[in-house]
Amino acid sequence: MQDNLCKSWKQLLNDEFNKDYFEQLNTFLDLEYKNESVFPPRQRVFEAFNLCPFEDVKVVIFGQDPYHGEGQAHGLAFSVQNQIKLPPSLKNIFKELKTDLGLEAPEHGNLEKWAKEGVLLLNSVLTVRKSEAGSHRKAGWEKLTDKVVELLNDKDQSIVFILWGRDAQKKGKKINKDKHLVLECAHPSPFSVRKFYGNRHFSKANSFLKAQGLSEIDWDLASK
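Keep in mind that this is a model prediction, so the values were computed, not measured. (Residues numbered from 1 in each chain as written. Predicted model: local features only at pLDDT ≥ 70, side-chain atom pairs only at ≥ 80, totals over all residues. Heavy atoms only, no water.)

**Comments concerning unusual backbone geometry**
Working step 1: Looking along the chain, the bond that leaves Phe 39 and enters Pro 40 is cis, with omega of -5°.
Working step 2: Within the secondary structure, Pro 40 is located in the loop between strand 1 (38–39) and helix 3 (47–51).
Working step 3: Positive phi values are uncommon outside glycine, yet Gln 83 reaches one of about 75°.
Working step 4: Residue Gln 83 is classed as exposed on the basis of its relative accessible area, which comes to 79%.
Working step 5: Here the phi dihedral of Lys 138 falls at roughly 65°; this positive angle occurs in a residue that is not glycine.
Working step 6: Position of Lys 138 relative to the elements: it lies in the loop between strand 4 (128–129) and helix 6 (141–153). (Helix = DSSP H or I, 4+ residues; strand = E, 2+ residues; numbered from the N terminus. Buried < 20%, exposed > 50% of the residue type's maximum accessible area, 1.4 Å probe, protein only.)

**Observations concerning the environment of His 187**
Working step 1: Structurally, His 187 can be placed in the loop between strand 6 (181–185) and helix 8 (201–211).
Working step 2: A residue is classified by how much of its surface remains accessible, and His 187, at 14% relative accessible area, is buried.
Working step 3: Residues within four places of His 187 in sequence aside, it is in contact with Gln 64, Phe 78, Ser 89, Trp 164, Gly 165, Ser 192, Val 193 and Phe 196.
Working step 4: In terms of polar contacts, His 187 uses its side chain to reach the backbone amide nitrogen of Ser 189, at 3.0 Å. (Contact = heavy atoms within 4.5 Å. Polar contact = N/O pair within 3.5 Å; in protein donor to acceptor, adjacent residues only side chain to side chain.)

**Some points on the pairing of strand 3 (residues 119–123)**
Working step 1: Along strand 3, five of the five residues are buried, which leaves the element largely enclosed by surrounding structure.
Working step 2: Across five bridges, strand 2 (residues 59–63) lies against strand 3 in parallel orientation. The residue bridging Val 59 from the neighbouring strand is Val 119, located in strand 3. (Pairing = 2+ DSSP bridges.)

**Examining the packing of helix 2 (residues 20–35) against helix 6**
Working step 1: Contact geometry for helix 2 and helix 6: axes closest at 9 Å, N-to-C directions at 130°. Judged on the interaxial angle alone, helix 6 and helix 2 are oblique. As for the relative orientation of helix 2 and helix 6, their crossing is left-handed in sense. Along the contact surface, helix 2 presents Tyr 21, Phe 22, Leu 25 and Leu 29, while helix 6 presents Trp 141, Lys 143 and Leu 144.
Working step 2: Residue classes in the contact of helix 2 with helix 6 are distributed as six nonpolar, no polar and one charged. (Axes fitted to C-alpha atoms, helices over the stretch in contact; angles between N-to-C directions. Parallel < 35°, antiparallel > 145°, perpendicular 65-115°, else oblique. Left-handed = near helix turned anticlockwise from the far one by under 90°. Nonpolar A, V, L, I, M, F, W, Y, C, P; charged D, E, K, R; others polar.)

Put into structure tokens, the structure is as follows:
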């Protein structure tokens, strides 16, 4: 699985791949992919890293675990593949994007463009069993993604961490807020969306990047 990982992340995470917990995770995944329907496809588990190498990361948006519906997950937090119906959380993200930046929602939910702009769309847990949300929690993924946060926190360049919901905010406890911009609010799910709306995290992220002398993120997914 990690053999398909891009060079920069592979070098940084190599020590983790040799630890006991990751070997146990791989054994667990071997059985899960053999005996169950698991998302995303195994070759796309590290898609977020491959589309956004370590050196390109300017913004991190944390999710929980992948969508568990057929054909939805493809390795990027909150993103779905083309031609797939938009999940409620993603619809709400697009509504906030409209409020914040006046950008129209696209006809798709594929966020690959953001990833290529420098947005690491990272779930805390990278796999899930079909129709069983949270089914791969505590299998080992959290340790790996904790390490990712540590690496990003130590990065020379200041970046933006966008943490939506309690699970994401737990990831942010050790982030150096004097160095990085940490934006927190409720999760965009229908259950907490009232506290999500109005966060203006997209424009705040760009303002911070501009102040750092970095190019802003083009959040517009509707344009060609």
